[in-house]
Every structure is written in structure tokens, then in C-alpha cells.
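# Chains, contacts and geometry: an overview
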Amino acid sequence: MESSRVRRARRARASRRRALLYTALATVAVVGATAGGTVYVQAQAHTGTGTVSSSTAPSASPSATADREASVEPVAEPAVDRDALLADAMASVSVTGDAKVSVAVLDLDSGESTAYGDGAFDTASIVKVDILATLLLQAQDADRHLTASEKAYATAMIENSDNASASALWRIIGKAAGLAAANERFGLTDTEGGDDMLWGLTQTTATDQLTLLQQVFGDDSKLSAASRTYLRGLMGQIATDQHWGVSAAATGSAWALKNGWLARSATGLWDINSIGRVTVGGHDYLVAALSGGNATKARGISLVEAAAKAAVSVFTGDTGTTPAAGGPATASASTSTSAVRSASAAG
């Protein structure tokens, strides 16, 4: 029989071995990531009988584990080259003959934007958005509301693309000089108003039109909330025969736009433009698609619609968006060539 002294010695040795084992045992678990993307690990010594855990949730309070956290190098998200993606998407867009195209898009949620193509284009009737934005800014400066006649002109100009109404408001804002003064405050740097009454020959770029759209649909704007709401409302009620352009990239009828079309008298070739806001999958995008040198109005419409869809696909990954109802077949038949043959007459 073992003596009690021997049994006590054996138990003491076993107790010391367990203490050494528990002291040496540590758990290492990834417990989270910082807001900047840094992954960190937590090493915690256990002196009890707990098991090693692989849980991603901390098992102790921040104050208890702060001393035991060891940071590693940040795991950076790979940068997305939106310009390269747009160039790839535009490679599948058919541009025929003497036509040229430029497109720009901005994701209102993230603030990211990208553009394809360069050079200036005739605005045709998309300048009507700029004309009304200028009028609204001038009215704000004068601390006044638009008059009844100005509102009538504005409605006809935007919803129906009425040229006589555009000419009336062009005079009221001070023609090209008034437009330039407002555009300097809006942040447009590459837009130049047409000579005298030739507002349809205002020159602009896709990126400048994106800047203008931000003034209308963004929150950081020189236009008041009331002015923005007013202009957005008109752009959301475009006449049915003009339901084409950037709306092709939208989900259903979730869009607001202004189109422009102009056949140049010297060449017979068409300027076809479209600018506006489209909603896809619950996300809002601003899109400006400009083109010139199109053989026909219908071809120009197809070009800007394809460009708009390509631009939005950079953010959505979807290149097969179905055009909105009332597409180019309806619109192209609505305006005769003779109605826009004059360089000063824009649609």
C-alpha cells in the first residue's frame, strides 16, 4: 500500500504539470477588422480548462484584450479601374461612318465617375436644361419666383422641347453671356454658348454635362432644393415621343432626361444627345451621352442608347438592360428632318 506521503507527492507533481500545460496553452483567433481594412489577431493565454476557439467574435472586453492585439499590414481592396472597364464596354458599341461619341457616368451613391471619348459636341436641345438652370439661379439671386410666363416657357421647353420657348428664355437669361456666368458658378469649364440666338450650337463635353446634372440631381448644388425639385420634375415628364436616350439604361420608367437632336444644314449629319438620371436596381446614376456625325437620327439614337447602357454597366455589370418603353422607333418617327434642318433649330 502506498503511504499517504507518496500519494501526496504524486498529486503535487500532477498538479504542477497541469498548471504548466494551462499556462502554455493560448488561443489565436481573428477577431475582426478595423474600419480602414486592417485585419488583426488576438492571442489570449488560458489558465483554465477552456478549449481553443476559432470564433470571429471577441471573447473578452476591448479593455481586457487591447494589450494582446497585434496588428498586421492592412489588406487593401483592389482598385477598380472604371475608365478601363468603360473602354472595354464601349469597344462593343458600333460607331459607323463619320459618327463620334462620348459618354460619362456618375454613381450618385458612391460618387465614382468615369468618362469615354473627348472633344466638344453641339448641344442641340440638351442646352435647355442649362438654360433653365441659369434662369433659376438668376431668380434665386434676385430673390424672386419665376413669372407665370417663364414657367410656361420652361414647361414647354423641357417637356416638349419647344424651340420658341427656349429662344424666349435664352433672351431672358442674357444669351451666351448669362449662360457662361451661371456655368462658372456651376463648375462647367468646357461649355461655350452659341452665337447670338444659336443656342443649339452651344459647345459642350460629356464631363461638363455630368457636372451640370450634379447641380440638378445632387445635393451639393448652387441651385436651391426648390429649384432642383422643379427642374427634376420637368425632366421626369418628357413627352412620350421623346422617351429614348439614356432611359434605355434605366429599370422601367425610373428616369428623368432631356434629349437633343439636330441635323446640320452643311452636312445633313445628325447631332444626337441625351442627358439625365437613371435608376437601376435601386441605385441612381447620372449619364451624359453625346454624339455627332450620325447618318440618320435613328442611328444616332441607337448609338447614344448603346453608350448609355455601356456606361451604366461599368457599375452594374449588366450589359443587357432592356430599353424603356417608348424607345427609339417611336421617337425617330416623331420629328421630320425639315423641322431641324436649320442650324439654329434644335430638337
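Residues numbered from 1 in each chain as written. Predicted model: local features only at pLDDT ≥ 70, side-chain atom pairs only at ≥ 80, totals over all residues. Heavy atoms only, no water.

## Some details on helix α5 (residues 148-159)
For an α-helix, the turn length of 3.6 residues means that residues three or four places apart are oriented alike. The end-to-end C-alpha distance of α5 is 16 Å, a good match for the 16 Å that twelve residues give at a rise of 1.5 Å each. Buried within α5 we find Glu150, Ala154, Ala156, Met157, Ile158 and Glu159. On its buried face, α5 is in contact with α4 (127-141), α6 (163-173), α9 (225-235) and β8 (255-263). At the C-terminal side of α5, Ser161 shows a positive phi close to 55 degrees. (Helix = DSSP H or I, 4+ residues; strand = E, 2+ residues; numbered from the N terminus. Expected span 1.5 Å × (residues − 1). Buried < 20%, exposed > 50% of the residue type's maximum accessible area, 1.4 Å probe, protein only. Contact = heavy atoms within 4.5 Å.)

## Some points on the packing of α5 against α9
At a minimum axis separation of 8 Å, α5 and α9 run at an interaxial angle of 45 degrees. Comparing their axes, α9 and α5 come out oblique. Across the interface between the two elements, Lys151, Ala154, Thr155, Ile158 and Glu159 from α5 touch Tyr230, Leu234 and Met235 from α9. When grouped by side-chain class, the residues that make up the contact of α5 with α9 number five nonpolar, one polar and two charged. (Axes fitted to C-alpha atoms, helices over the stretch in contact; angles between N-to-C directions. Parallel < 35°, antiparallel > 145°, perpendicular 65-115°, else oblique. Nonpolar A, V, L, I, M, F, W, Y, C, P; charged D, E, K, R; others polar.)

## Examining the sheet that holds β8
With antiparallel pairing, five strands are arranged side by side in an open sheet as β5-β4-β10-β9-β8. If you trace the sheet from one side to the other, it starts and ends with β5 (113-116) and β8, each paired once. Between one strand and the next, the sheet's axes are offset by a mean angle of 5 degrees, whatever the strand orientation. With ten bridges connecting them, strand β9 (residues 270-280) and strand β10 (residues 283-294) associate as antiparallel partners. (Pairing = 2+ DSSP bridges.)

## Focus: the nonpolar core
Residues Ile131, Leu132, Met235, Val278 and Val287 are the most contacted members of the largest nonpolar core, which totals 76 residues. Ranked by residue count, the leading element in this core is helix α10 (residues 297-316), at ten residues. Those residues in contact with Val278, other than ones at most four positions away along the chain, are Val246, Ser247, Ala250, Ala254, Trp255, His283, Asp284, Tyr285, Val287 and Val312. (Core = buried A, V, L, I, M, F, W, Y, C linked by side-chain atoms within 4.5 Å.)

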